[in-house]
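Each chain, letter by letter, is given below.
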Amino acid sequence: MNRLLITTVVLMIPVGVILFQGARELAHKNARLNDLSHRIGFAEQQLLSQRHDLIASAQYLSAAEGQLSSLTPADAPTRENNDRQAMTMAWIDRVRHVQQLFEKNPDHRVPYLRLLKDEDWLRATLRMKFDNEMSERNALSALRMVAARQYQVPLRRALTRYAFANNDVQPVNIFAIVPYFDDPADAEGLNQFEIVSGNGAPWMLNLKRGPDPGNYGSMLAAPERRGP
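These numbers come from a predicted model, not from an experiment.

### Considerations on the environment of Ile174
Okay, step 1: Along the polypeptide, Ile174 turns up in the loop between helix H4 (135-165) and strand S1 (193-198).
Okay, step 2: When the C-alpha atoms of Ile174 and Leu205 are compared, they prove to be 8.7 Å apart, with 31 residues separating the residues in sequence.
Okay, step 3: Residues within four places of Ile174 in sequence aside, it is in contact with Leu190, Phe193, Glu194, Ile195 and Leu205.

### A look at the environment of Arg144
Okay, step 1: Tracing the backbone shows Arg144 in helix H4.
Okay, step 2: For Arg144 and Leu113, which are 31 residues apart along the polypeptide, the C-alpha to C-alpha distance reads 7.1 Å.

### What about the packing of helix H2 (residues 84-104) against H4?
A pair of packed helices can be characterised by two numbers: the angle between their axes and the separation between those axes.
Okay, step 1: The geometry of H2 relative to H4 is characterised by a closest axis approach of 10 Å and an angle of 90 degrees between their N-to-C directions. As far as their axial angle goes, H4 and H2 are roughly perpendicular. Contacts between H2 and H4 involve His97, Val98, Leu101 and Phe102 on the former and, on the latter, Glu136, Ala139, Leu140, Leu143 and Arg144.
Okay, step 2: In terms of residue class, the contact of H2 with H4 is built from six nonpolar, one polar and two charged.

### Looking at H2
Okay, step 1: The end-to-end C-alpha distance of H2, which contains 21 residues, comes to 30 Å, matching closely the 30 Å that a straight helix rising 1.5 Å per residue would cover.
Okay, step 2: Regarding H2, the residues found buried are Met87, Thr88, Trp91, Ile92, Arg94, Val95, Val98, Leu101 and Phe102.

### Observations regarding the packing of aromatic side chains
Okay, step 1: A complete count under the given rule lists six aromatic pairs for this structure.
Okay, step 2: For the ring pair Phe102 and Trp121, a centre distance of 6.3 Å and an interplane angle of 85 degrees mean the geometry is edge-to-face. Highlighted residues: Phe102 in helix H2 and Trp121 in helix H3 (residues 118-125), separated in sequence by 19 residues.
Okay, step 3: Put simply, the rings of Tyr112, Tyr151, Phe181 and Phe193 touch in pairs and so form one group of aromatic residues.
Okay, step 4: Its guanidinium or amino end placed over the ring of Trp203, Arg225 lies 5.4 Å from that ring's centre, counting from NZ or CZ.

### Quick notes on the pattern of salt bridges
Okay, step 1: Using the criterion set out here, one finds seven salt bridges in the structure.
Okay, step 2: Between Arg114 and Asp186 there is a salt bridge, with its nearest N and O atoms 2.4 Å apart. Within this pair, whereas Arg114 is found in the loop between H2 and H3, its partner Asp186 is found in the loop between H4 and S1, the two being separated by 72 residues in sequence.
Okay, step 3: The class for Asp186 is buried, based on a relative accessible area of 10%.
Okay, step 4: The partner of Arg123 in a salt bridge is Asp120, and the shortest N-O contact between them spans 3.3 Å. Of this pair, Arg123 and Asp120 both sit in helix H3, three residues apart, which is roughly one turn of that helix.
Okay, step 5: The class of Arg123 is exposed, set by a relative accessible area of 51%.
Okay, step 6: Because the salt bridges share partners, they merge into one network encompassing Arg114, Asp183 and Asp186.

Definitions and limits used
Residues numbered from 1 in each chain as written. Predicted model: local features only at pLDDT ≥ 70, side-chain atom pairs only at ≥ 80, totals over all residues. Heavy atoms only, no water. Helix = DSSP H or I, 4+ residues; strand = E, 2+ residues; numbered from the N terminus. Contact = heavy atoms within 4.5 Å. Axes fitted to C-alpha atoms, helices over the stretch in contact; angles between N-to-C directions. Parallel < 35°, antiparallel > 145°, perpendicular 65-115°, else oblique. Nonpolar A, V, L, I, M, F, W, Y, C, P; charged D, E, K, R; others polar. Expected span 1.5 Å × (residues − 1). Buried < 20%, exposed > 50% of the residue type's maximum accessible area, 1.4 Å probe, protein only. Phe/Tyr/Trp six-rings, centres within 6.5 Å; stacked < 30°, edge-to-face > 60°. Lys NZ or Arg CZ within 6 Å of the ring centre and 35° of its normal. Salt bridge = Lys/Arg side-chain N within 4 Å of Asp/Glu carboxyl O.

Right, dumping it as structure tokens:
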């Protein structure tokens, strides 16, 4: 009996070794497969990002070419002094530079920047130069105001609806206007405004000072009111 047990144990040792080695090799293969899967996923993300950049570049290029064609003679570059293609690419670079400034300075972003189209970015950066320490601050402020003017349309529509529905009673706070926007996403821009009134004037919204108090624009927004 003891001899049978010993024989069985002796025979099982190599089997255990084989099973252990197989399990270890399988674990190594799984680790390599996981690593490969992560590498493939990372490569796919890079390809998607590059594809997005190419599409964005093509869109900006098309928009820039269209705006170049529509420039007045006073604004248009002369062929003697500017290569059209080089000027177009420099123009797109200015747009991207300002967009990167917003990414680096998120406190300067406003929700209604999303309303700007490619043509708006291009038009706003046509004459921008980045040659002194105020250039970047001026660029951020300028694009904020361009976006604010675009925001006036949905904002005034919401204010008019609120005034009509509430007999033009001044809102208790800025958030009372939220339900009156067509697009709920537009309501996010309200945090950039405050309610003002005084001297017998009806209530309205005033654009708050931006993150750069020494370099900001002003804007008032009021509902459309019928006369007596």
